[in-house]
Amino acid sequence: MPPWLPRAMVLALALIAVFQLGSWAFHELTGLLINILIAFFLALAVEPAVSWMAARGVRRGLATFLVFLGVLIVAAGFVTLLGSMLAGQIIKIVEDFPEYLDSVINWINGHFHTELRRVDIQEGLLRSDWLRNYVQNSATGVLDVSAQVLGGLFQLLTIALFSFYFAADGPRLRRTICSVLPPARQAEVLRAWEIAVNKTGGYLYSRGLMALISGIAHYILLEFLEVPYAPVLAVWVGLVSQFIPTIGTYLAGALPMLIAFTVNPWYALWVLIFVVIYQQFENYVLQPKLTSKTVDIHPAVAFGSVIVGTALLGAVGALIAIPAIATLQAFLGAYVKRYDVTDDPRVHGHRAVDAGRGVVRGVRRLWQRRPGATPPRDGGPGSSPED
């Protein structure tokens, strides 16, 4: 046996063991790494406000605490108002359910000549096996729901703590990273960090502005239809449609439609039509203009980045995809050498004039080669002097 073979075998086994251990650790810590990534982008989002307060004499830790406290108060107030509104509407729907059921039964009896009664339907529903199984499954699923709620609260707490540390200790974190890099690399890291802060802030600014415009537009509609809780519903539509990607529009429009249905079923249809029309206006008119001024990426690139982010990280990837792509595009743009484009009509999608003339000349030559053919009378190339 060669003397190097045992050492090579031990080294190969050690590398395989390290790879397996790293793969297992990465798989187990995927949730934590995603939470840290979310926390980092949240810290980038609040960085301008924290830096503005720190520049005016407020301690950075206190400034970060005040910013997070303001966000928490706004979120808690919104959830409280929304919860009270939903509770009131659910109670109203439950109280009015017998009237809705009677109207449906009368319509069925009048059109199909049946003799249905609400009492018979209620007794049949209460004695059905479907309801019994549903109650049993709901009772056994309470523990699972409670565990999911506690897990979600723990994730929110983890994200909040990491976000607070990233924002409060931002200068120290940058110094720590730059201390292990040469001066040239330090400048690149700091520039990339600054671009990330600007792009993330610009993304949130554009989303907040679109949420404000969407909320005002839907508030006018809901107030015109005299739908209750119009201000809270407008805020719900604005926030959910802008900060929950892909399906946010449908989630945002479902609640106003439900509340409008309790007032008048036709009002729900009008709300649906308005939501669809406004979504098209936002996608093709409003969003491209605001995105080009704040995030500065093409709408097609933004849409593709959301799809890629959703495929990689789910809803989290869809939310952070646009600021991440904007940061990467702005950072790499400094290393791409660009040249002036020549004044060629093909740049604008037009064919060159000489190319068109060459095609015409080729057609005329083919025509003249035919036996007994007369060339076109346009005075162009290939025409006789008499013509």
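Here we look at the packing of helix α9 (residues 230-243) against helix α10 (residues 248-263)
Next up, step 1: Taken N-terminus to C-terminus, the directions of α9 and α10 make an angle of 165°; their axes are 7 Å apart at the nearest point. Classified by the angle between their axes, α9 and α10 sit roughly antiparallel to one another. Relative to α10, the crossing made by α9 is right-handed. Note on element contacts: α10 touches α9 through Gly-248, Thr-249, Leu-251, Ala-252, Leu-255, Pro-256 and Ile-259, opposite Leu-233, Trp-236, Val-237, Val-240 and Ser-241.
Next up, step 2: For the contact of α9 with α10, the per-class residue count stands at 9 nonpolar, 3 polar and no charged.

Here's the deal with helix α7 (residues 170-178)
Next up, step 1: Along α7, the residues that are buried comprise Gly-170, Arg-174 and Cys-178. For α7, the buried positions fall inside an angular range of 65° around the axis, keeping them on one side. Set apart from the buried face of α7 by more than 90 degrees, the exposed residues are Arg-172 and Arg-175.

Description of the confidence of the model for the protein chain
For residues with low pLDDT, the predicted coordinates do not support detailed interpretation.
Next up, step 1: Residues with a pLDDT of 70 or more make up 76% of the protein chain, whose mean pLDDT is 77.
Next up, step 2: The weakest mean pLDDT in the protein chain belongs to helix α14 (residues 353-369) at 61; the strongest belongs to helix α1 (residues 4-28) at 90.
Next up, step 3: Contacts for the low-pLDDT stretch residues 379-387, under 50 throughout, to residues beyond four places or in other chains number 9 contacts.

Let's talk about unusual backbone geometry
Next up, step 1: For Glu-226, which is not glycine, the phi torsion reads 60° and is therefore positive.
Next up, step 2: Along the chain, the position of Glu-226 falls in the loop between α8 (183-224) and α9.

With respect to the environment of Tyr-250
Next up, step 1: Locating Tyr-250 in the fold gives a position in helix α10.
Next up, step 2: Of the residues examined, Tyr-250 reaches a relative accessible area of 65% and is grouped as exposed.

What about the pattern of salt bridges?
If charged atoms from side chains of opposite charge come close, those side chains can pair.
Next up, step 1: A complete count under the given rule lists 3 salt bridges for this structure.
Next up, step 2: A salt bridge links Arg-174 to Glu-47; its shortest N-O distance comes to 3.6 Å. Taken together, the positions of Arg-174 in helix α7 and Glu-47 in helix α2 (residues 30-54) put the pair 127 residues apart, joining distant regions of the chain. Taken as a pair, Arg-174 and Glu-47 share a single burial class, namely buried.
Next up, step 3: The salt bridge partner of Arg-185 is Glu-188, with a shortest N-O separation of 3.2 Å.

Describing the packing of aromatic side chains
Where two aromatic rings form a pair, the distance of their centres and the angle of their planes describe that pair.
Next up, step 1: A complete count under the given rule lists 8 aromatic pairs for this structure.
Next up, step 2: Centre to centre, the rings of Phe-274 and Tyr-278 are 6.3 Å apart; their planes meet at 15°, and the pair counts as stacked. Of this pair, Phe-274 and Tyr-278 both sit in helix α11 (residues 265-294), 4 residues apart, roughly one helical turn.
Next up, step 3: Linked through ring pairs, Phe-40, Phe-41, Phe-162, Phe-166 and Trp-193 together constitute an aromatic cluster.

Let's talk about α10
Next up, step 1: For α10, which comprises 16 residues, the first-to-last C-alpha distance of 24 Å matches the rise-based estimate of 22 Å (1.5 Å per residue) to within 8%.
Next up, step 2: Where α10 is concerned, the buried positions are Gly-248, Thr-249, Ala-252, Gly-253, Leu-255, Pro-256, Ile-259, Ala-260 and Thr-262.

The rules we used
- Residues numbered from 1 in each chain as written.
- Predicted model: local features only at pLDDT ≥ 70, side-chain atom pairs only at ≥ 80, totals over all residues.
- Heavy atoms only, no water.
- Axes fitted to C-alpha atoms, helices over the stretch in contact; angles between N-to-C directions.
- Helix = DSSP H or I, 4+ residues; strand = E, 2+ residues; numbered from the N terminus.
- Parallel < 35°, antiparallel > 145°, perpendicular 65-115°, else oblique.
- Left-handed = near helix turned anticlockwise from the far one by under 90°.
- Contact = heavy atoms within 4.5 Å.
- Nonpolar A, V, L, I, M, F, W, Y, C, P; charged D, E, K, R; others polar.
- Buried < 20%, exposed > 50% of the residue type's maximum accessible area, 1.4 Å probe, protein only.
- Arc of directions from axis to C-beta.
- pLDDT = per-residue confidence, 0-100.
- Salt bridge = Lys/Arg side-chain N within 4 Å of Asp/Glu carboxyl O.
- Phe/Tyr/Trp six-rings, centres within 6.5 Å; stacked < 30°, edge-to-face > 60°.
- Expected span 1.5 Å × (residues − 1).

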